[in-house]
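The lines below spell out each chain.
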Amino acid sequence: MTNSGDKKQLLHLVFGGELESLADVQFRDLKDLDVVGIFPDYATALTAWKSKAQSTVDNAHMRYFIVHMHRLLDPEDKSGK
């Protein structure tokens, strides 16, 4: 649980997978997607993204992404990354 004094959660999802080609974002197999996790802010998500992206640097088709979930949950809110 969070305290009411905590800053607002700006949830971010980090996930990735192997792409069919380098020209498009089309995954080879959706069953093989790697869901790294959901993070309370962009900075934490970025750290997780960097770690996963660097660990797969030898596979050019492997890509990781950060999804700004807070924007999907509240599209009218313009705060945060």
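Computed from a predicted structure; not experimentally measured.

### Observations concerning the pairing of strand β1 (residues 12-18)
Point 1. Across the 7 residues that make up β1, a large majority, 6, are buried.
Point 2. Pairing of β1 with strand β2 (residues 34-39), which is carried by 5 bridges, proceeds in the antiparallel orientation. Note that in β2 the partner of G16 across the bridge is D34.
Point 3. As paired strands, β1 and strand β3 (residues 62-68) are joined by 7 bridges and run antiparallel to one another. Its bridge partner being in β3, H12 is matched across the sheet by H68.

### As for the sheet that holds β1
Point 1. Spatial strand order, β2-β1-β3: 3 strands in an open sheet with antiparallel pairing. Every other strand in the sheet has two partners, leaving β2 and β3 as the edge strands with one partner each. For this sheet the average axis-to-axis angle between neighbouring strands, irrespective of direction, equals 15°.
Point 2. Across the sheet, helix α1 (residues 42-55) lies against β1, β2 and β3, angled at about 175° from β3, the strand it touches most.

### A closer look at the packing of aromatic side chains
Point 1. Evaluation of the coordinates by the stated rule reveals 3 aromatic pairs.
Point 2. Through a chain of ring-to-ring contacts, three or more aromatic side chains come together here, namely F15, F27 and F65.

### Details of α1
Point 1. In this model α1 runs 20 Å from its N-terminal to its C-terminal C-alpha over 14 residues, within 8% of the 20 Å that 1.5 Å per residue would give.
Point 2. Sitting at the amino-terminal end of α1 is D41, which places a side-chain oxygen 3.4 Å from the backbone nitrogen of A43.

### So, the pattern of salt bridges
Oppositely charged side chains can pair when the atoms bearing their charge come close.
Point 1. Per the counting criterion, the structure on display carries 2 salt bridges.
Point 2. Among the ionic pairs, E18 bridges to R28, the shortest N-O distance being 2.9 Å. Of this pair, E18 sits in strand β1 while R28 sits in the loop between β1 and β2, placing them 10 residues apart in sequence.
Point 3. The exposure class assigned to R28 is partly exposed, which follows from its relative accessible area of 44%.
Point 4. A salt bridge links D34 to K52; its shortest N-O distance comes to 3.1 Å. Here D34, found in strand β2, pairs with K52, found in helix α1; they are 18 residues apart in sequence, far enough to count as distant.

### Here we look at the nonpolar core
Point 1. Counting residues in hydrophobic clusters, the biggest one holds 5 residues: L13, F15, L19, F27 and M69.
Point 2. Residues contacting L13, with those up to four places away along its chain left out, are V35, G37, I38, F65, I66, V67 and M69.

Definitions and cut-offs
- Residues numbered from 1 in each chain as written.
- Predicted model: local features only at pLDDT ≥ 70, side-chain atom pairs only at ≥ 80, totals over all residues.
- Heavy atoms only, no water.
- Buried < 20%, exposed > 50% of the residue type's maximum accessible area, 1.4 Å probe, protein only.
- Helix = DSSP H or I, 4+ residues; strand = E, 2+ residues; numbered from the N terminus.
- Pairing = 2+ DSSP bridges.
- Axes fitted to C-alpha atoms, helices over the stretch in contact; angles between N-to-C directions.
- Contact = heavy atoms within 4.5 Å.
- Phe/Tyr/Trp six-rings, centres within 6.5 Å; stacked < 30°, edge-to-face > 60°.
- Expected span 1.5 Å × (residues − 1).
- Polar contact = N/O pair within 3.5 Å; in protein donor to acceptor, adjacent residues only side chain to side chain.
- Salt bridge = Lys/Arg side-chain N within 4 Å of Asp/Glu carboxyl O.
- Core = buried A, V, L, I, M, F, W, Y, C linked by side-chain atoms within 4.5 Å.

In short, shape yes, function no, at least from these values alone.
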